[in-house]
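Each chain, letter by letter, is given below.
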Amino acid sequence: VEASIPEPQRAAWTKHQIKPFTGQDGFENEVVRHVETTLARSMFNCDESAAYAATSLAFRDRLILEWNKTQQRQTFADSKRVYYLSLEFLMGRALDNAMLNIGQKDVAKSGLSELGFRIEDIIDQEHDAALGNGGLGRLAACFLDSLASLNYPAWGYGLRYRYGIFKQEIIDGYQVEVPDYWLDFNPWEFPRHDVTVDIQFYGNVTKSQDDSGKTRAHWEGGDHVTAIAYDVPIPGYDTPSTNNLRLWSSKAASGEFDFQKFNSGEYESSVADQQRAETISAVLYPNDNLERGKELRLKQQYFWVAASLHDIVRRFKKSKRPWSEFPDQVAIQLNDTHPTLAIVELQRIFIDIEGLAWDEAWNIVTQTFGYTNHTVLPEALEKWSVPLIQNLLPRHLQIIYDINLFFLQSVEKEHPGDRELLGRVSIIEESQPKMVRMAYLAIVGSHKVNGVAELHSDLIKTTIFKDFVEIYGPDKFTNVTNGITPRRWLHQANPRLSELIASKTGSYNFLKDLTELNKIELYVNDADFRKEWQEIKYANKVRLAKHIKNSTGVTVNPAALFDVQVKRIHEYKRQQLNIFGTIHRYLTLKAMSPEERKKAQPRVTIFGGKAAPGYWMAKQIIHLVNNVGAVVNKDEEIGDLLKVVFLEDYNVSKAEIITPASDISEHISTAGTEASGTSNMKFVLNGGLIVGTCDGANIEITREIGEDNIFLFGNLAEDVEDLRHAHTYGSHSIDPDLNKVFKAIEDGVFGQPHDFLALISAVRDHGDYYLVSDDFHSYIETHTVIDEAYKNQEQWLTKAITAVSRMGFFSSDRCINEYAEEIWNIEPLKADKPEGVKDGE
Ligand code: CBF
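All figures in this text were calculated on a predicted structure; none of them were measured in a lab.

Caption draft 1: Up close: the site of the ligand. As a structural note, the neighbourhood of the ligand is formed by 14 residues, with Asn289, His374, Asn482, Glu674 and Gly677 the closest of them. With respect to the ligand, the side chain of Tyr572 contributes an N or O atom lying 3.2 Å from an oxygen atom. Between Gly677 and the ligand, the recorded distance is 2.8 Å, taken from a backbone N or O atom to an oxygen atom. Contact with the protein chains covers 96% of the free accessible surface of the ligand, which is 350 Å². Counting residues domain by domain, the shell around the ligand receives three or more from each of domain 2 (78-93 + 128-481) and domain 3 (488-810).

Caption draft 2: Spatial organisation of the packing of aromatic side chains. Tallying each qualifying case throughout the model produces 34 aromatic pairs. Where Phe407 meets Tyr472, the ring centres are 6.2 Å apart and the plane angle is 15°; that geometry is what we call stacked. Taken as a pair, Phe407 in helix H15 (residues 394-414) and Tyr472 in helix H19 (residues 466-472) lie far apart in primary sequence, 65 residues in all. Its relative accessible area of 30% is what places Tyr472 among the partly exposed residues. Summarising the aromatic geometry, the rings of Phe580 and Phe742 are spaced 5.2 Å apart at their centres and angled 80° between planes, so their arrangement reads as edge-to-face.

Caption draft 3: Focus on the pattern of salt bridges. Per the stated rule, a full pass over the model turns up 56 salt bridges. A salt bridge links Asp231 to Arg246; its shortest N-O distance comes to 2.7 Å. Taken together, the residues span a long stretch of sequence, with Asp231 in strand S10 (residues 223-235) and Arg246 in strand S11 (residues 242-252) at a distance of 15 residues. Residue classification places Asp231 among the buried residues on the basis of a relative accessible area of 1%. The exposure class assigned to Arg246 is buried, which follows from its relative accessible area of 5%.

Reading the values: rules and limits
- Residues numbered from 1 in each chain as written.
- Predicted model: local features only at pLDDT ≥ 70, side-chain atom pairs only at ≥ 80, totals over all residues.
- Heavy atoms only, no water.
- Near = heavy atom within 4 Å.
- Polar contact = N/O pair within 3.5 Å; in protein donor to acceptor, adjacent residues only side chain to side chain.
- Areas by Shrake-Rupley, 256 points an atom, 1.4 Å probe, with all protein chains shown as cover.
- Domains from an automatic or database assignment.
- Phe/Tyr/Trp six-rings, centres within 6.5 Å; stacked < 30°, edge-to-face > 60°.
- Helix = DSSP H or I, 4+ residues; strand = E, 2+ residues; numbered from the N terminus.
- Buried < 20%, exposed > 50% of the residue type's maximum accessible area, 1.4 Å probe, protein only.
- Salt bridge = Lys/Arg side-chain N within 4 Å of Asp/Glu carboxyl O.

This is the structure we're talking about:
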């Protein structure tokens, strides 16, 4: 505002206003301009990577024009914004998405072809932005797409990791982690060197009295680091709305360390300080559903929330509204407990910097925040040691203690004398050392808490947060079932299916209102429609078969049943159940006569996913899958009846190839452990069926698509506790078929048996926590049912089409509308310009 151009000069600005390119000619013009100027190349040395860069820059220019207008529109309207705080944004590739959302992919395709390139090759040049581990980070990316597509004024805030999730290589059957340096060339971000925040760590706290006699705390000394903003434009689909994802990068605070030390000859330490500062945003922690209390992680969390909060407060202050209106202008959603320190930081800003009274400040804080829980797994629930916080963030620890004190006082008032309750709900766990329970802090500091699927939301209310439901009443706790963006997960990943659907629904409007998919149920018996559907599935399988050949050397038959399990490798997700089942299949095939084998259903079992580098059991699972593949795939007697492949380095762009090609996908977590799952939704949306447990969103998927169109098996969540108890205190007999599998492994059929003994003894000797044996029989029986069902291709096709037609509920647009209405209380801001406002104003 301060630097705005005076009225008389604005005419010149308006006259020279940049226009987005139009048509193929305009696009080509931009590409050539960027090749020749921005990239300093020419037609004589323009390779595919340069063509990718120039195409991306051409689209980025368009996006940024819309981004500017969107931000101006939002500022002008002065309406409430939502800020989505997530330590992970698993964005994948941006170019294809930008072309589709803007609606210019055809133009780019023909333009690139005229310039000598194939659009597929150019899209393939892009490095995935892999700033996330799995479902949680991908959900955040889907939400950004929906927020922009629905015209909600929204910003994402995250960290600009120099290294995203590691690249996975499979060497001799083992996972090897390789750093993923993805920033070599990233046309999608704008460094904002003018947008910085000073972030403080360590130091100490003093108190003083101000003129009115009020005590004020001062956080002094310690280290300072600078947060620099990098902005990533997020295009909405079929709307000019372009939102912002702001990622923070860390740098040494200017001058403070380097120059003084450099001048006095301490060269090494001057560089060390700089490196230490830059380390904060250097690398994404590669754990999924597993928290480890490392100081650097805590530093990342504070660095990111402090920078984001100061940015948000700075923006609010420009509106000159009173503080009491803060929650009318700002909603902040905490994606899991990772950003919980934001609650403490906002309270600190209010009381220490802005001088508000505690109660007034706390009232605003709690109205501002919402907290999403994504897991009930105990090992994933964040706790930070009190001494660690004391050292790194001394003032914050005081505030946490005060929050806890006032909270416990209020509990004591309602439940006098219940000391056990106080101990159970205290934000501070009285352990050695004491720990801060971040989920409890998030609940106490938020006005709404939500789970991500119905079963999960019920479970958090009846298990881990039961006492809080008692304290606050049930209304504070709600459910918002996850969703996925149909733009990427149907239109982009499966363009032919999207086109076929559009031909029957009359338009591509189903990409904006996914419930329109129900129109295709009318065509479930239409012969041409069915034929084309089947051809598309087959073509997608051929594409995946090519990818498998190129990446693993294994030849698979696209006519076989493709059975896919791609997701993070985790014992609770039970890839071990799948590979044991696959071994069982192999043993069964081996025992068959040639005549019997002729009747068997050929299968390709496809695995993919990363194991956290320190998660030894998960790595053993990967190793076993690869060893089984090595044996089975060269067994000529078995041939195409069974192939087993592990696809290395599973990521978003690979998911776009794998998902449309599945016949069956596996979502087989122990009941009650997978909060929601979102790949289950992606597979069904692409015409694949599911084999799954009654867990997470599988339950709602079943409700929507019908029990006949999904293959459910296994024990129910309500029985899990009893079964575990029986394993520990009663006798635990292992399923006889599973025992045969164990024997084959122990006999060395799949390599050195001792490599896999831990996987076996987790089931046989250590209580089988994930109920692999309990569910084994029903799992393999269900796969037999699947084999038979697949043989009846006509019926299978009917199931697939019916399932897709009923998937409308699982759009992330529905999900975001629920958050907006129930939690954030925000309205979309229509993309047309407000009346009387000219461009550039
Ligand atoms: O809610 C999104 C996803 O989050 C997780 O990935 C997580 O990291 N906690 C859960 O494991 C998924 O079930 C869930 O879909």
